[in-house]
Amino acid sequence: MTERHVTAHTLTLGVIGNPVGHSLSPQLQNALLSRLGVNGCYHAFEVKPNELEKAVRGASALGFLGLNVTVPFKEQVVPLCDDITHEAEALGAVNTLLFKDGRIVGTTTDPLGFLKPLEARGFELPDKTVVVLGAGGAARAVIFACAERGVAEIRLLNRTHDKAVRLVRRFRSLFPGVRIEAYPLLEWGSVSNALENADLIVNATSAGMWPHLERSPLPESVSLPRDALAYDLVYNPLRTRFLQQAEENGLAIQDGLDMLIYQAIASVEFWLSRQLGDWHGLARELRPGLERALEWSSGPPWSVTGKGKDK
Ligand code: NDP
């Protein structure tokens, strides 16, 4: 890691959210900037719910290069953008802002962040059947990414079934060529049907996230298709109950930490408007430091406030 000196030319970046005391992004992004030799500094800013606009316009006025946006502001920030990318428009959410020529440009790096770990392990999405558990912001990013990459079928299951049905309607109109169906998550038979012959099973719920380590979005007794890949977006803990269930059924697994790293790399590319080259190499270099932070904390005490949950 190269030594950095803060000067009048140091680029200012950060994440806004509430809470953010728990966020791994400052460690991740500063390590990335340092690795790339970029003279930049990345901070975490906890913004009061009614001060989002002030915070964003203030950052723009102060000459920040950009911001990441996390819970609960990913949707609320959309109307503050002068331009948004196609992905952000489709998801109705923004997780990265660029301040450029007096304009606020929004995008979302979650879909690419989700796809890159699959690419790294050689998992091909075209014509596959994907089960998505959850119907929140992360699930939308997963559905969008999978549909764009040409999967044959997406089966969506959510605890609150109506939300899944609404998402299905929205994505069917965006991707008429992809078969998209909603299945109730709380009915055993429906879960078994949805899992049949699946190639990829994605947990995009927060079930199993610290401190609810024993929770899984799936019933304990359900059997999973052995040839599928189980992908959990949760990264704290790295080995969730869902991934343990998958391993017990003989499935290959993917945790959520790589997605976190790749969406960070995508944000930096967006801010710098230049290609960063070997993403997979960068991700491999960045991962051990984050694993250590997670291990060392065994919970979220990277939170200085102690009230954080997850990214
Ligand atoms: P949201 O709050 O938007 O959605 C939460 C989802 O989880 C809803 O579908 C909710 O169901 C479901 N859920 C919550 N608790 C349970 C439970 N006990 N059993 C079943 N379903 C449950 O959150 P996000 O979509 O933004 O995030 C979801 C997860 O993805 C989080 O853990 C987050 O940290 C992770 N994530 C990881 C990223 C990464 O880079 N690795 C990036 C983005 C998110 P209902 O609708 O019924 O409430």
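Residues numbered from 1 in each chain as written. Predicted model: local features only at pLDDT ≥ 70, side-chain atom pairs only at ≥ 80, totals over all residues. Heavy atoms only, no water.

Peer 1: Just to check I follow, could you spell out the sheet that holds strand S4 (residues 83-84) for this structure?
Peer 2: Two strands in a sheet stick together by hydrogen bonds in their backbones, pointing the same way (parallel) or opposite ways (antiparallel). Strand order in the open sheet made by the 6 strands is S2-S1-S3-S5-S6-S4, with mixed pairing throughout. Two strands bound the open sheet, and with one partner strand each, they are strand S2 (40-46) and S4. Judged from the 4 bridges that link them, strand S1 (residues 11-17) and strand S3 (residues 66-69) form a sheet pairing that is parallel. The residue bridging Ile16 from the neighbouring strand is Val69, located in S3. Docked against the sheet, helix H1 (residues 25-36) engages S1, S2 and S3, running at close to 170° with respect to S2. Across the sheet, helix H9 (residues 257-272) is in contact with S1, S2, S3, strand S5 (96-100) and strand S6 (103-107); its angle to S5 comes to roughly 15°. (Pairing = 2+ DSSP bridges. Helix = DSSP H or I, 4+ residues; strand = E, 2+ residues; numbered from the N terminus. Contact = heavy atoms within 4.5 Å. Axes fitted to C-alpha atoms, helices over the stretch in contact; angles between N-to-C directions.)

Peer 1: What is the right way to read the confidence of the model for the protein from this model?
Peer 2: Detailed reading of the predicted coordinates is not advisable wherever pLDDT is low. Here the protein shows a mean pLDDT of 93. Residues at 70 or above account for 94%. Throughout residues 301-311 the model reports pLDDT below 50, and contacts reaching past four residues in sequence, or to other chains, amount to 34 contacts. (pLDDT = per-residue confidence, 0-100.)

Peer 1: Just to check I follow, could you spell out the packing of helix H4 (residues 110-120) against helix H5 (residues 137-148) for this structure?
Peer 2: Two quantities define a packed helix pair, namely the angle between the axes and the distance from one axis to the other. In the contact formed by H4 and H5, the axes pass within 8 Å of each other and the chain directions differ by 65°. Where H4 crosses over H5, the handedness of that crossing is right-handed. Between H4, through Asp110, Pro111, Phe114 and Leu115, and H5, the contact on the second element is made entirely by Ala141, Val142, Phe144, Ala145 and Cys146. Grouping the constituent residues of the contact of H4 with H5 by class yields 8 nonpolar, no polar and 1 charged. (Left-handed = near helix turned anticlockwise from the far one by under 90°. Nonpolar A, V, L, I, M, F, W, Y, C, P; charged D, E, K, R; others polar.)

Peer 1: Just to check I follow, could you spell out H9 for this structure?
Peer 2: An α-helical turn contains 3.6 residues, so a residue and the one three or four places further along point in the same direction. With 16 residues, H9 should cover 22 Å at 1.5 Å per step; its first-to-last C-alpha distance of 23 Å lies within 8% of that length. Counting buried positions over the 16 residues of H9 gives 14, a clear majority of the element. Positive backbone phi, at 50°, marks Ser273, one or two positions downstream of H9. (Expected span 1.5 Å × (residues − 1). Buried < 20%, exposed > 50% of the residue type's maximum accessible area, 1.4 Å probe, protein only.)

Peer 1: Teacher, can you tell me more about the sheet that holds strand S7 (residues 129-133) here?
Peer 2: If you walk across this open sheet you meet the 6 strands as S9-S8-S7-S10-S11-S12, and the pairing is parallel. Single-partner strands in this sheet number two, and they are strand S9 (179-184) and strand S12 (252-254). The average angle at which neighbouring strand axes cross in this sheet is 20°, direction not considered. Judged from the 6 bridges that link them, strand S8 (residues 153-158) and S9 form a sheet pairing that is parallel. By the bridge assignment for S9, Asn158 is matched with Pro184. Most of the contacts of H4 go to strand S11 (residues 229-232), to which it runs at about 145°, and overall it touches strand S10 (200-203), S11 and S12. Contacts between helix H6 (residues 161-174) and the sheet are confined to S8 and S9, with S9 contributing the most and set at about 175° to the helix.

Peer 1: Which parts of the structure should I look at to understand the pairing of S8?
Peer 2: Burial analysis of S8 places 6 of its 6 residues in the buried class, which makes it a mostly covered element. Burial along S8 is two-sided: Glu153, Arg155 and Leu157 and Ile154, Leu156 and Asn158, pointing in opposite directions, are all buried. Bridge count for S7 against S8 is 5 bridges, and the pairing is parallel. Within S8, the position partnered with Val130 by the bridge is Ile154. As for the winding sense of the linkage, the β-α-β connection from S7 through H5 to S8 is right-handed. Taking the sense of rotation as the criterion, the β-α-β connection linking S8, H6 and S9 turns out right-handed. (Right-handed = clockwise from strand over helix to strand, strands pointing away.)

Peer 1: What is the right way to read the site of the ligand from this model?
Peer 2: In the vicinity of the ligand lie 23 residues, with Ala138, Asn158, Thr160, Lys163 and Leu233 positioned nearest. Here a nitrogen atom of the ligand and a backbone polar atom of Leu233 are 2.9 Å apart. Contact between the ligand and Leu260: an oxygen atom at 3.3 Å from a main-chain N or O atom of the residue. Expressed as a share of its isolated accessible area of 920 Å², the protein-covered part of the ligand is 82%. A majority-of-atoms criterion places the ligand in the largest pocket. (Near = heavy atom within 4 Å. Polar contact = N/O pair within 3.5 Å; in protein donor to acceptor, adjacent residues only side chain to side chain. Areas by Shrake-Rupley, 256 points an atom, 1.4 Å probe, with all protein chains shown as cover. 1 Å grid on protein atoms, 1.4 Å probe; cavity = no way out; pocket = protein on both sides within 12 Å on 5 of 7 lines; lining within 4 Å. Sits in = over half its atoms within 2 Å of the grid points.)

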